[in-house]
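# Structural features, examined
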Amino acid sequence: MKKSKLIILVVITAIAAITGAVVLGGCNTNAPTQQVLFNEANKIWTDKSGKETLTYDVISGENTIGTYVMTGESVKDATLIVGDNTLEGKSGIYFTSALNVSEVKDGITVSTVMRTQSYLSASFVVQNSYRETVVTTIDANGNTSVRTTAISGTYEEKKYLYTINQTAEGEEITADSGSLGHSKFASGAYIDNDFMYQAVRLLAAVGSNLSFQVPYYNYTDGTFSTVTMEKATSGVSAKNSTVTGMRGDFADQEGITYTGALLSVKLSRNFPGSGTAFTCYVITAKTNSANEADNDTYHYVPAKIKEDNIEYVLKSIS
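Cut-offs applied
Residues numbered from 1 in each chain as written. Predicted model: local features only at pLDDT ≥ 70, side-chain atom pairs only at ≥ 80, totals over all residues. Heavy atoms only, no water. Phe/Tyr/Trp six-rings, centres within 6.5 Å; stacked < 30°, edge-to-face > 60°. Helix = DSSP H or I, 4+ residues; strand = E, 2+ residues; numbered from the N terminus. Buried < 20%, exposed > 50% of the residue type's maximum accessible area, 1.4 Å probe, protein only. Salt bridge = Lys/Arg side-chain N within 4 Å of Asp/Glu carboxyl O. Polar contact = N/O pair within 3.5 Å; in protein donor to acceptor, adjacent residues only side chain to side chain. Contact = heavy atoms within 4.5 Å. pLDDT = per-residue confidence, 0-100. Pairing = 2+ DSSP bridges.

## Overview of the packing of aromatic side chains
- This model, assessed by the stated rule, comprises 11 aromatic pairs.
- Centroid distance Phe95 to Phe124: 6.3 Å. Interplanar angle 80°. Geometry classified as edge-to-face. One end of the pair, Phe95, is in strand 5 (residues 85-105); the other, Phe124, is in the loop between strand 6 (108-121) and strand 7 (126-138), and 29 residues separate them in sequence.
- Judged by relative accessible area, Phe95 falls into the buried class, the value being 2%.
- Residue classification places Phe124 among the buried residues on the basis of a relative accessible area of 1%.
- Ring plane angle 25° and centroid distance 6.0 Å describe the contact between Tyr160 and Tyr162, whose orientation is recorded as stacked.
- Given a relative accessible area of 0%, Tyr160 falls into the buried group.
- We classify Tyr162 as buried; its relative accessible area is 12%.
- Grouped by ring-pair contacts, the aromatic residues Tyr155, Tyr160, Tyr162, Phe185 and Tyr190 constitute a single cluster.

## Side note on the pattern of salt bridges
- Tallied over the entire structure, the rule returns 6 salt bridges.
- A salt bridge links Asp57 to Arg247; the nearest nitrogen and oxygen atoms lie 3.0 Å apart. Of this pair, Asp57 sits in strand 3 (residues 51-60) while Arg247 sits in the loop between strand 12 (223-243) and strand 13 (256-269), and the two are 190 residues apart along the sequence.
- Judged by its relative accessible area of 10%, Asp57 falls in the buried class.
- Arg247 gets classed as partly exposed once you look at its relative accessible area, which sits at 28%.
- One salt bridge in this structure joins Glu132 and Arg115, with 3.1 Å as the shortest N-O distance. Remark: Arg115 occurs in strand 6 and Glu132 occurs in strand 7; sequence separation between them is 17 residues.
- What makes Arg115 partly exposed here is its relative accessible area of 34%.
- Among the charged side chains, a salt-bridge network with shared partners connects Asp57, Arg247 and Lys315.

## Digging into the side chain of Ser129
- With respect to the helices and strands, the residue Ser129 is situated in strand 7.
- The class for Ser129 is buried, based on a relative accessible area of 3%.
- A polar side-chain atom of Ser129 sits 3.0 Å from a polar atom in the side chain of Asp192.
- When neighbours within four sequence positions are excluded, Ser129 is seen to be in contact with Val82, Gln117, Ser118, Ile151, Ser152, Gly153, Tyr155, Asp192 and Asp194.

## Remarks on the confidence of the model for the protein
- Scored by pLDDT, the protein comes out at a mean of 77, with 69% of its residues at no less than 70.
- Across residues 1-30 the pLDDT falls below 50, and counting only partners more than four positions away or on other chains, this stretch makes 140 contacts in the model.

## So, unusual backbone geometry
- One non-glycine residue, Asp106, lies in positive phi territory at about 55°.
- Looking at where Asp106 falls in the secondary structure, it is placed in the loop between strand 5 and strand 6.
- Despite not being glycine, Phe124 has its phi angle at roughly 70°, a positive value.

## Quick look at the pairing of strand 7
- One ladder, built from 12 bridges, connects strand 6 with strand 7; its direction is antiparallel. Across the sheet, the residue bridging to Val110 is Thr137, located in strand 7.
- Where strand 6 hands over to strand 7, the hairpin turn is made up of 4 residues, of which Phe124 adopts a positive phi near 70°.
- Note that strand 7 and strand 8 (residues 144-155) share 11 bridges and pair antiparallel. If you follow Glu132 over to strand 8, its bridge partner there is Ala150.
- Once strand 7 ends, the chain turns through 5 residues before running back antiparallel as strand 8, passing Gly142 with a positive phi of about 90°.

See the structure below:
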């Protein structure tokens, strides 16, 4: 476990929540959004290792139902895979994530496997993104259905281009493509939903008034429907908070506490309506009452993600 450069960020939010423009309240700064993102990203992904993997237990009620893994990696002249695209000679940051969960309710087993890939330039400007979600349902009689949704995105200077493909039992049911306009990155920074939590940790690092644009995908009745933009506002609501209940390497230990700030975030959407509020705990230090001289100062890491009765709880960093 990397101990020298971690601050733990607790993000309590929906795994599928995607925002548009994010404004983070705190100590004000006139620094452009893209400059702040670039500066903070360099501190995490361009250190000696250049790669960080965060592993979570996924918990429903009192049951552990699967795992969630997020990876961020600094790359140089690399060959990268983003969906069906092979990108050669790329330098910048490569984000991936993998969710694998299965739960039984009322005799019905629902298993979800989701993988995402995103490539950002060296200045933290997103270029390409991909999300594939496979949902397998087995009913009480053993009947199985499989639905797959794949979303590919490419970002140009003022335009986001997307394609959507959805299949059920291997047969195509949705095939669509389109575009959304956005500002130039230098004047109105944008990110993709597939590395939302990685971006949130950068905003929490500076606690500044920032904004950026993100496409939002609306799922209705199990089918893909609308692509639009979201907005969100947030601010620091408490300081010197204590965070507990993590697992594995970060499990509660006698004499050790993690302290930081609590940020509250409210999502709002032009469509399809109000979003779900979430909060972020930003831990800035580990306190060891037995020996204050051995306390660690960390860098920002999402440590908890929560939606309703589902929690994603950090257990290791490598």
